[in-house]
Amino acid sequence: VRVYTTYAYIHFFPQMFLLQAAMLLGLCPIVPKARVSVGDAVRAMQVNEALFWGLIGLLYLCWSIVLVSIDWRIVWSNSVYLTMTDPEKVLVINNAFTRLSFTLVAPLGILAAAATAFTFCTGRQRLGFILLPVTAWSFVFGLAAHSRAAAAYLILAGLIAAMFPRGRWAAAILVAAGFLTTLSVLWGRGSSNHGFSSLDEYFNNIVSYYNVSGFDAISNVYEGVFTTAEYFSHNFRFDPTYKILSLSPLFSFIDGYDRVKDVYAIRLSYFVPNPAISEVLSFGPGYAAIYFGVLLTAGYLSAKLVVRKPGLVSLGLNALVLLSSYLQFAYDTRGNFRTFFYIA
């Protein structure tokens, strides 16, 4: 936080409080009144094995394409954070097909982590063991890149396992490991050693983070408060092309967003993006109305679907809305808006 902060989260605390209160109260009228137990719905789900095989096939296909397309020297060792997660830097075979595959592996890995936990907890060990290698590889790749996605794999798998009596102990271990992994990657990203060669620093990173922050490390869960509050102490002015493409539902190889972002994005620092809430409020009322309108529509439709038909699809869509609603306070508009748009 000290890298970019103007201490807006202190100086503009009332404004930030009102902003979040307005967003929360805006959601209240659209939430269906019916009560649904997510745990009961998950335990009662009868999931066709074809869905798991489809996920397995797609994930293995994407990773196969990526593994023959990436620069293994960079994956083994690099000195600049985010190099491993930037397709323009890490892909030696760089075309629309390989970039799309690279972009898909992270969200598919998140789904695979949830599916792996679900299959083991429901007695489908065969599917679980087939999912496990590619899920574990996704986790290790994220850990080597010092990405918080690595922690998300563990925590999400733990939350799924917690809904089953047989998975309670595993859930506690996974969530604890996810929190420790968060500390490790946050400290590791500030170093000049990234890639698979840095994995042996996992525990040292945890100790170093704790020695500096202690239990204040928990506050990093709420990092979006610090970044979003910066909106009140700046007068961000974005290029019209960037504003339009930030609310585009297309892939970047179609509309060229990645090239525009490199030129016109305004970051809080080199490693810290301007969060979606700050961006859309800076874009102007018209853009903000479109963004929040799509967000509310996605929230309403996904919640209504859970009430009407609780199951894998409805719970998955609702979980994506939840995740993007959290990430919009820390990451830029483009990715979050597309999630809301596709769900709506």
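As a starting point, this report considers the structure included with it. (Residues numbered from 1 in each chain as written. Predicted model: local features only at pLDDT ≥ 70, side-chain atom pairs only at ≥ 80, totals over all residues. Heavy atoms only, no water.)

With that settled, consider a nonpolar patch on the surface. On the surface, Leu250, Phe251, Phe253, Ile254, Phe341 and Tyr342 cluster together into a nonpolar patch covering about 570 Å² of accessible area. Residue position: Phe253 is located in helix 14 (residues 252-255). Phe253 sits in the partly exposed class, given a relative accessible area of 41%. (Patch = residues over 30% accessible without salt bridge, like charges linked within 9 Å, V, L, I, M, F, W, Y side chains within 5 Å. Areas by Shrake-Rupley, 256 points an atom, 1.4 Å probe, with all protein chains shown as cover. Salt bridge = Lys/Arg side-chain N within 4 Å of Asp/Glu carboxyl O. Helix = DSSP H or I, 4+ residues; strand = E, 2+ residues; numbered from the N terminus. Buried < 20%, exposed > 50% of the residue type's maximum accessible area, 1.4 Å probe, protein only.)

With that out of the way, let us pick up the packing of aromatic side chains. As enumerated under the stated definition, the model contains 26 aromatic pairs in all. Judged by centre distance (6.1 Å) and plane angle (75°), the ring pair of Phe341 and Tyr342 falls under edge-to-face. Note on Tyr342: relative accessible area 46%, which makes it partly exposed. Each residue in the set Phe236, Phe238, Tyr242, Tyr257, Phe283 and Tyr287 is aromatic and connected to the rest through ring pairs, giving one cluster. (Phe/Tyr/Trp six-rings, centres within 6.5 Å; stacked < 30°, edge-to-face > 60°.)

Attention now moves to helix 17 (residues 285-308). With 24 residues, helix 17 extends 34 Å between its outermost C-alpha atoms, agreeing within 8% with the 34 Å of an ideal straight helix rising 1.5 Å per residue. Those residues of helix 17 that fall on the buried side of the exposure criterion are Ala288, Tyr291, Val294, Leu295, Ala298, Gly299, Ser302, Ala303 and Val306. The secondary structure elements touched by the buried residues of helix 17 are helix 2 (13-27), helix 16 (276-283), helix 18 (312-327) and helix 19 (333-343). (Expected span 1.5 Å × (residues − 1). Contact = heavy atoms within 4.5 Å.)

Our focus in this paragraph is the pattern of salt bridges. Applying the stated criterion across every chain yields a total of 3 salt bridges. The partner of Glu49 in a salt bridge is Arg126, and the shortest N-O contact between them spans 3.2 Å. Here Glu49, found in helix 4 (residues 49-67), pairs with Arg126, found in helix 8 (residues 125-144); they are 77 residues apart in sequence, far enough to count as distant. Given a relative accessible area of 53%, Arg126 falls into the exposed group. Note that Arg334 and Asp255 form a salt bridge whose closest N and O atoms lie 2.9 Å from each other. Here Arg334, found in helix 19, pairs with Asp255, found in helix 14; they are 79 residues apart in sequence, far enough to count as distant.

To continue, consider the packing of helix 18 against helix 19. Across the interface, helix 18 lies against helix 19 with an axial gap of 9 Å and an inter-helix angle of 155°. The angle between the axes of helix 18 and helix 19 places the two elements in the roughly antiparallel class. Both helix 18 and helix 19 take part in a crossing whose hand is left-handed. Residues Leu317, Leu320, Val321, Ser324, Ser325 and Leu327 of helix 18 form the contact with helix 19, whose participating residues are Asn336, Thr339, Phe340 and Ile343. Its residues assigned to classes, the contact of helix 18 with helix 19 comprises 6 nonpolar, 4 polar and no charged. (Axes fitted to C-alpha atoms, helices over the stretch in contact; angles between N-to-C directions. Parallel < 35°, antiparallel > 145°, perpendicular 65-115°, else oblique. Left-handed = near helix turned anticlockwise from the far one by under 90°. Nonpolar A, V, L, I, M, F, W, Y, C, P; charged D, E, K, R; others polar.)

Across soluble globular proteins, you tend to see nonpolar side chains buried next to one another. Of all hydrophobic cores here, the largest spans 40 residues; its most connected members are Met84 and Phe118. At 9 residues, helix 7 (residues 96-121) tops the list of elements feeding residues into this core. Core analysis: the second largest hydrophobic core is formed by 29 residues, Phe238, Val280, Leu295 and Phe329 among them. (Core = buried A, V, L, I, M, F, W, Y, C linked by side-chain atoms within 4.5 Å.)

Our next topic: the packing of helix 9 (residues 149-161) against helix 10 (residues 168-188). The contact between helix 9 and helix 10 brings their axes to 8 Å, and the two run at 160°. Comparing the axis directions of helix 9 and helix 10 gives the class roughly antiparallel. Handedness of the helix 9/helix 10 crossing: left-handed. Across the interface between the two elements, Ala150, Ala151, Leu154, Ile155, Ala157, Gly158 and Ala161 of helix 9 pack against Arg168, Ala171, Leu174, Val175, Ala177, Gly178, Phe179, Thr181 and Thr182 of helix 10. A breakdown of the residues in the contact of helix 9 with helix 10 according to their chemical character gives 11 nonpolar, 4 polar and 1 charged.

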